[in-house]
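# Notes for the structure review
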Amino acid sequence: MEDGTFQSLGYCANTGVDDDVIQWDQRADCEVRQILDRIADKWSLLVISLLDKRSLRFTELRRAIDGISQRMLSRTLRHLERDGLVKRIVYPTVPPRVDYELTPMGATLHSTIHALVIWTEEHQNAIAAARAAYDERIAAEQEEVFGRPATAGYPGASPGRP
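Here's what I pulled together on the structure shown here. Worth saying up front: this structure is predicted, and the values here are computed from it rather than measured.

### Quick word on the pattern of salt bridges
The full count for this structure, using the stated rule, is five salt bridges. Across the pair glutamate 141 and arginine 137 runs a salt bridge, and its minimum N-O distance is 3.4 Å. Linking glutamate 141 with arginine 137, this pair stays in helix 5 (residues 104-146), spanning four residues, or about one helical turn. A relative accessible area of 40% places glutamate 141 in the partly exposed class. Residue class for arginine 137 comes out partly exposed when judged on its relative accessible area of 44%.

### Brief notes about the pairing of strand 2 (residues 86-91)
Relative to strand 3 (residues 97-102), strand 2 runs antiparallel, the two being bridged by six bridges. Each bridged residue has a counterpart across the sheet, and for valine 90 the counterpart in strand 3 is valine 98. Between strand 2 and strand 3, which pair antiparallel and follow one another directly, the connecting turn spans five residues.

### Focus on the packing of helix 2 (residues 42-50) against helix 4 (residues 70-82)
Viewed as axis vectors pointing N to C, helix 2 and helix 4 meet at an angle of 70°, and their least axial separation amounts to 10 Å. Regarding the angle of helix 2 to helix 4, the classification is roughly perpendicular. From helix 2, Trp43, Ser44, Val47 and Ile48 reach across to helix 4, where they touch Met72, Leu73, Thr76, Leu77 and Leu80. Of the residues contributing to the contact of helix 2 with helix 4, the split by class is seven nonpolar, two polar and no charged.

How each quantity is defined
- Residues numbered from 1 in each chain as written.
- Predicted model: local features only at pLDDT ≥ 70, side-chain atom pairs only at ≥ 80, totals over all residues.
- Heavy atoms only, no water.
- Salt bridge = Lys/Arg side-chain N within 4 Å of Asp/Glu carboxyl O.
- Helix = DSSP H or I, 4+ residues; strand = E, 2+ residues; numbered from the N terminus.
- Buried < 20%, exposed > 50% of the residue type's maximum accessible area, 1.4 Å probe, protein only.
- Pairing = 2+ DSSP bridges.
- Axes fitted to C-alpha atoms, helices over the stretch in contact; angles between N-to-C directions.
- Parallel < 35°, antiparallel > 145°, perpendicular 65-115°, else oblique.
- Contact = heavy atoms within 4.5 Å.
- Nonpolar A, V, L, I, M, F, W, Y, C, P; charged D, E, K, R; others polar.

Listed below in structure tokens is the structure:
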């Protein structure tokens with residue numbers, strides 16, 4: 001095998017690059033990237049956060065997550081169960097009762113998510129200020145270049161573009 005060549009398409013390990021930080025492969029078929037894509041999507045983060053305290057039924061989750069469709073919640077739960085982060089418990093009653101809870105591995109992920117939420121809460125004002133400064137700068141640049149402000153509601157948009 002040629003130096004610097006991946007062993008296989010799914011092989012995501014470092015190939016001799018001397019970095020201080022271990023990086024995951026950027027290719028779509030890299031398993032680390034696929035896992036990060038899954039657990040970092042907004043619905044998965046919300047489901048994991050809600051299941052931290054106790055097990056919940058599907059309808060309880062749906063009511064608690066504003067804007068999620070039944071189909072998207074089903075898909076999210078199925079993916080999290082497949083990845084070993086959520087456990088589905090079916091009770092043999094009439095009608096059947098199904099609860100969802102975090103697995104021990106899912107619970108360890110919750111602490112990481114909690115740290116991200118804390119960071120976001122601590123920095124939300126600074127981020128809001130940075131956004132406002134950016135929007136003002138872009139509007140000023142657009143006015144300077146085109147002689148009029150950027151299209152309302154779309155910072156950085158060129159005049160005449162939606």
